[in-house]
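Coordinate analysis (summary)
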4 protein chains.
Amino acid sequence: MVLKDKLVLAYSGGLDTSVMVKWLGEKYGYDVITLTLDLGQREDIKEIERRALSIGSIKHYSIDAKEEFVKEYIFKAIKANALYQNKYPLGTALARPLIASKLVEIANKEGAKAVAHGCTGKGNDQVRFEVTIRALNPNLKIIAPVREWNMSRDEEINYALEKGIDIKPSKSQYSVDQNLWGRSIEGGDLEDPSLEPKEDVFEWVILPERASDKAEYVKIGFEKGLPFKLNDEEKGGVELIEELNVIAGRNGVGIIDHVEDRLVGIKSREVYEYPAALCLIEAHKELEKLVLSRSELNFKGLVEREWAWLVYSGLWIEPLMKDLQAFIDSTQAKVEGYITLKLYKGSMRIVARESKNSLYNYSLATYKEGSSFDQRDAEGFIKLWGLSSTLAYNRGV
Amino acid sequence: MVLKDKLVLAYSGGLDTSVMVKWLGEKYGYDVITLTLDLGQREDIKEIERRALSIGSIKHYSIDAKEEFVKEYIFKAIKANALYQNKYPLGTALARPLIASKLVEIANKEGAKAVAHGCTGKGNDQVRFEVTIRALNPNLKIIAPVREWNMSRDEEINYALEKGIDIKPSKSQYSVDQNLWGRSIEGGDLEDPSLEPKEDVFEWVILPERASDKAEYVKIGFEKGLPFKLNDEEKGGVELIEELNVIAGRNGVGIIDHVEDRLVGIKSREVYEYPAALCLIEAHKELEKLVLSRSELNFKGLVEREWAWLVYSGLWIEPLMKDLQAFIDSTQAKVEGYITLKLYKGSMRIVARESKNSLYNYSLATYKEGSSFDQRDAEGFIKLWGLSSTLAYNRGV
Amino acid sequence: MVLKDKLVLAYSGGLDTSVMVKWLGEKYGYDVITLTLDLGQREDIKEIERRALSIGSIKHYSIDAKEEFVKEYIFKAIKANALYQNKYPLGTALARPLIASKLVEIANKEGAKAVAHGCTGKGNDQVRFEVTIRALNPNLKIIAPVREWNMSRDEEINYALEKGIDIKPSKSQYSVDQNLWGRSIEGGDLEDPSLEPKEDVFEWVILPERASDKAEYVKIGFEKGLPFKLNDEEKGGVELIEELNVIAGRNGVGIIDHVEDRLVGIKSREVYEYPAALCLIEAHKELEKLVLSRSELNFKGLVEREWAWLVYSGLWIEPLMKDLQAFIDSTQAKVEGYITLKLYKGSMRIVARESKNSLYNYSLATYKEGSSFDQRDAEGFIKLWGLSSTLAYNRGV
Amino acid sequence: MVLKDKLVLAYSGGLDTSVMVKWLGEKYGYDVITLTLDLGQREDIKEIERRALSIGSIKHYSIDAKEEFVKEYIFKAIKANALYQNKYPLGTALARPLIASKLVEIANKEGAKAVAHGCTGKGNDQVRFEVTIRALNPNLKIIAPVREWNMSRDEEINYALEKGIDIKPSKSQYSVDQNLWGRSIEGGDLEDPSLEPKEDVFEWVILPERASDKAEYVKIGFEKGLPFKLNDEEKGGVELIEELNVIAGRNGVGIIDHVEDRLVGIKSREVYEYPAALCLIEAHKELEKLVLSRSELNFKGLVEREWAWLVYSGLWIEPLMKDLQAFIDSTQAKVEGYITLKLYKGSMRIVARESKNSLYNYSLATYKEGSSFDQRDAEGFIKLWGLSSTLAYNRGV
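Model, not experiment: these values are computed from the prediction. (Residues numbered from 1 in each chain as written. Chains lettered and ligands numbered in written order. Predicted model: local features only at pLDDT ≥ 70, side-chain atom pairs only at ≥ 80, totals over all residues. Heavy atoms only, no water.)

1. Regarding the overall build of chain A
On a plain count of helices and strands, chain A comes out with 13 helices and 14 strands. With the C-alpha coordinates aligned to their principal axes, the bounding extent of chain A is approximately 90 × 55 × 45 Å. Taken over 397 residues, chain A has a buried fraction of 66%. Partitioning the intrachain contacts of chain A with sequence separation of at least 6 by distance along the chain shows that 73% fall at a separation of at least 24. Where the 55 positive side-chain charges of chain A centre and where its 62 negative ones centre are 2 Å apart. (Helix = DSSP H or I, 4+ residues; strand = E, 2+ residues; numbered from the N terminus. Buried < 20%, exposed > 50% of the residue type's maximum accessible area, 1.4 Å probe, protein only. Contact = heavy atoms within 4.5 Å. Lys, Arg positive; Asp, Glu negative; His and termini not counted. Charge placed at Lys NZ, Arg CZ, Asp CG, Glu CD.)

2. Comments concerning the domain arrangement of chain A
All names here are of chain A. Assigned domains of chain A: these are domain 1 (6-171) and domain 2 (176-292 + 335-354). Facing the 31 residues of domain 1 at the interface are 34 residues of domain 2. Contact between domain 1 and domain 2 buries roughly 2800 Å² in total, counting both sides, with carbon and sulfur atoms accounting for 64%. Sorting the residues of domain 1 by area buried against domain 2 places R42, I78 and N81 first, and these three jointly supply 21% of that buried surface. There are one salt bridge connecting domain 1 and domain 2. Linking domain 1 to domain 2 there are 16 residue pairs in polar contact (both at pLDDT 80 or more). At eight residues, helix α3 (residues 66-79) tops the list of elements feeding residues into the side of domain 1 that touches domain 2. Taken together, the residues of the side of domain 1 that touches domain 2 sort by class into 15 nonpolar, nine polar and seven charged. (Domains from an automatic or database assignment. Buried area = accessible area lost by both parts, 1.4 Å probe. Salt bridge = Lys/Arg side-chain N within 4 Å of Asp/Glu carboxyl O. Polar contact = N/O pair within 3.5 Å; in protein donor to acceptor, adjacent residues only side chain to side chain. Nonpolar A, V, L, I, M, F, W, Y, C, P; charged D, E, K, R; others polar.)

3. A few points about the environment of E260(A)
Residues and elements named next belong to chain A. The topology assignment puts E260 in strand β11 (residues 255-261). Among the residues examined, E260 registers a relative accessible area of 2% and is labelled buried. Taking C-alpha positions, E260 is 32 Å from L140, a pair spaced 120 residues apart along the chain. Within the structure, E260 has its side chain in polar contact with the side chain of H258 (distance 3.0 Å).

4. A word on the interface of chain C and chain B
Tallying the contact residues gives 24 residues for chain C and 24 residues for chain B. The interface formed by chain C and chain B includes two salt bridges. Residue E296(B) pairs with K322(C) through a salt bridge whose shortest N-O separation is 3.6 Å. Along the contact surface separating chain C from chain B lie six residue pairs in polar contact (both at pLDDT 80 or more). Taken together, the elements giving at least two residues each to the side of chain C that touches chain B come down to α10 (294-312), α11 (319-332) and α14 (387-393) of chain C. Residue contributions to the side of chain C that touches chain B peak at nine residues, all from α11(C).

5. Let's talk about the relation of the copies chain C and chain B
By a simple turn and slide, chain C fits onto chain B: the slide is 0.0 Å along the axis, the RMSD is 0.0 Å, and the turn is 180°. Taken together, the rotation and translation relating the two chain copies correspond to the operation of a two-fold axis. Within chain C, the C-alpha atom positioned nearest to the axis of rotation is that of F327(C), 2.4 Å from it. (Least-squares fit on C-alpha atoms with pLDDT ≥ 70 in both.)

6. What to know about the relation of the copies chain B and chain A
In summary, the two copies of the chain are related to each other by a rotation about an axis coupled with a shift along it. Between chain B and chain A, which share one sequence, the superposing operator has a rotation angle of 180° and an axial displacement of 0.0 Å; the RMSD is 0.0 Å. The fraction of interface residues of chain B whose copies in chain A are also interface residues reaches 100%, indicating that both copies meet through the same surface.

Dropping the structure here:
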């Protein structure tokens, strides 16, 4: 008997990757090992495992990676105020390098020759998977069946029926990816950017019109740039994010609807639900404005743009990431304090902030008597501040 | 009889500048000419004129500069998506160089030797006035009485009573500046950044809790980057902004509450009402995402930061402004189309967009069959996209 | 008789493209039309034409594009102080989009179905050609034989001999590309970055050791950012650059030796000769420092980086290019004056500069008595300049 | 007897600060303590001490701070490739915060109430001193006599003669500042930017015309971004820089002549001698190009600009400095290897580089057979690389 080579497949439990378990065996002759990470996607990991094995996976790994996801990925995103194109909190983008690193880990452990993923050839995720995999183990062959097989959705379903694959094709017209950090929805009617999303798009965030009639206040405590308290109660990261997802979601806060530039050069209309993420990033930014100097805030803005771009474009392993991280970590030492958000029917507003490291100085800022600011200093300042521009304005006249 | 030198004072009608009309005559011996611009501040310009003359102004100029303010200042800010520190739409900052240029114009016409303004020595406005004035006419003496006189508010009131100056000291604890583009509120309780603003702070924006129970949609049409239609009706700029201020305001949209870095090095807590501005900038950004390339969007982000900083910091006359403007204008030629916003109890969300210049390409973007995107191209792309990072990741290992 | 489809080949006259004339006919069945541009590459364009036709080109176009190259490409590079990675003046990169646009022009005129170029799959030039071609006419098929055929140099020579192709294989170990703007040398011993280039690498620049013992001064006059005078004599762009190449070259000035990041992710060791380019860019930069404000200089630095990157990476047709150009052109209106360079045995130093738009102001700058600068202004300036940093330095202490 | 307050003066031994020792006592009634740092300025520190005491200093501190200057200031500048406006290696700018911190240290130790420095009100150094002093001890009064006293040079000399102050007024027309890192020359004929500097300006660098007729090679070894070997011999930082100053200087390398924007808004013509600095920075940059990824190099360029600007503009204590430093240090871990420079009569060229962390990969880069680069990957790469630009180029057409 000839021993087959092994392949590790990132298995989500959905139609595409279920078909792949079979197809990779038939087309390439691999023994397929499946891997599913629990990243807080609110799915039944046990059931996914059962299904994988039923289709023909020779071995299945289920890994609860929520803690690692929060500590090594989401927390860095919070410190970086990471929003690609000022909108997208990068949930899927952050998860991909983590899944890729587990794929490589299992492949190395199992002596597998190849890994496979279920991404399309038109999106960003293929890049995020493959760049990380290739960096961590350049000898692994990478197979991306969707790029090769040219099966339509109907053909996939037929293939599944024919092969006796246990699938429950979603009745939804949308394509969804979700984890602890947020939920991305694409496809269906959303592909027409001139149409407002229907209510069935949303699962984590209630429509503002249906939210409570009373505003809800949330107070978030930060230490070294990271959230550790919710309404004065200490929480671990996973728990804090899960709870805040619920709180903001029930107040209609967390919907993003915009047009985004994918790495591969295509614009796409994206709808997201990121209740906790939007609250945490807004609160974190406000706290930074209280404790960082103007120069720090200004330059950190450039660092954040670059950080978000590298993550979005699949370059998690790019050495510049660690350099940017060193910068960011250096800024966060003093980012400590409390921010209060008011959530109400889809609106979110910061209403109060406190920090023992606050640079807000009442006695300097106040317009009342007794200010410690000597107004006469301004006169010389203004003259020299405007000198270069004024000279240049009148040059050659 | 000795002829006195003339001075032109930027006169707002408030306590400070009313006291100044007298003080400048007494302290410096000037004949004081007063100037008031109508920039859409919703005040009675005739009444301001009457008051100025009653206090002792030898001549008063009232200028309706709303059109000029919109065309030469606000429209540029829209094209630049101008938000200082990603928050402040720069209403006061945009008005100052316009007022300064009128001050110089009148001073030149009247043969005045000096100009004066009512700004404090702790804020940004003094810089914006003085840099512009000095660039336009370096020979004019600039007097900033508030920086010199060390009068408290009570002393000012006493001085006014003593000199028979007709004042109606505001009962509000806040210091307010407003024009067509927005309303800035400082002082009083707001100087404690840990307190939520009270309801009496707001005049243009209704509290979300009191707003209509029905969402309101607004459709904004843009041409060359500028708004020209509101809900399918063509409008001039002044009218469009005024109407949108009302519409957004009645839906609770337009409040900003944040901590800001003033140019002079102080952090201050700022509360703003900018209903139309926030809607127009958000809509304009979304339209740009539809019609500009990723590279244009990315670099324009840097240009916008710089534009906002120069305006905020009083350098309207800096030659770099015209260079940035040339860049921005070049990007705007194709920024044409319609954006629909949904406003509801304090929340604003873009729900639809259309443009004949749209770069969104359904046949490329769709996940359905029949896409014109060749997925096999992705394979080579990913390898080369990640090559430099991957090599570097493994360097020296 | 069946009519064959036509293809237009960018023909250099070298081994690769000579073999292609035959190979494209044999392999793909095209009628091959050849195109050669005179871009100042110091080769015999007539002889190239003769050779093309002798190999089997059915029609040859020779186009003198030197003027267009200077006006539409090189002059823009001067205004942009364009140096990729602060070193490479982009000669080859600038020529590629011009050649590509001529390829498309001839293809359209001839009704050709395809175009071909001689670039390798490891370099930047393929990108520059193909992106421009695809933007200008997406219907043209693009063939890059070198990427396909896997012929070694020896196999190419054998193929040529076998087919009776008239070639004069260069005896040089180096691969060279040159035009008016400069000369690039790769390959051979240069592929070892730890070896100093041998003397036979250089053709345009004499080794410093062999240069004249007397320093030579060159005075360059600029108008609107462009050179128009050499040593007080007016010159057209082509002539001025050609002469300056000779002058700087004979003084040993113009050699660049560095390690460069190619777009495709590879580092390569590049040796260049750019005598005129280095002088013109250095002089242009110095003149800008005299007439632009600090803010303009600072931001233009960012624009220049982006401009050089877009050109290097083949995105000449990216709309951002025209936006950056608008910025740059706006800065150049006042860039007028004279710069004197001293060239001596490989060294170049600016020794004098003059401009009627100079912002250098003796009476402000001088340390002698009679300065018009009021030193007391500095006191207030320093306090406010350092205020934010000082507060932040002591935060949380 | 009334005890006088103490003041610590940064004493250079020159005319200005010698006059100050007396003047500060007479005008302000202080007991003046003097402080002189040895920063490698090639002056007789003992003689300076003798002079200070002879004029009336009640106590003199001489501190050899060369090691600290190299480790805490110059080495950081090398890692940052620090060149303000791409030209000035910041020697004076780096020394000022060090001197300021020693002033504060001594003032604290002596219980002094004030410090004083000899800077003019038109330059950058006053800012560098005062911002640092104010951050380290806001209670110290800072006195800058030159800004106050309005004495011309002749009046200073008369004052000195009158008070019996032992001065040797320099016969040079230039104003010079020098330390280990370089030499700055201002004033005299140099204030006319259209005049070539005369030979008497230069002391550290021989004129190229008088340099040796034989080229000299220098090989510099780096570890973690810092130079530690010169021509294969290990050296401490101070020694290495001193020797390289001599080597480069004798080959005519190290002269900078440009127009610079001072912080206070004035342009000035600056001439510098920085032989070691220019060699070390050029070598360091080249080594970085060999071992850092393209993304790292690109972003580090922005960090370097900011670093140089903060140092130039006196904000050494700005917290952003430590953040930028964290970024830079993260990039330097792998910056290890050898760079060979060829110096010849004023020209400097890198001719060879080696590193065990080199990312230059011969088998990828070579144009010879056997390359490990798969050229077919390029095809897909080019299509997707150009897609966004191409779509945008044709938008709305």
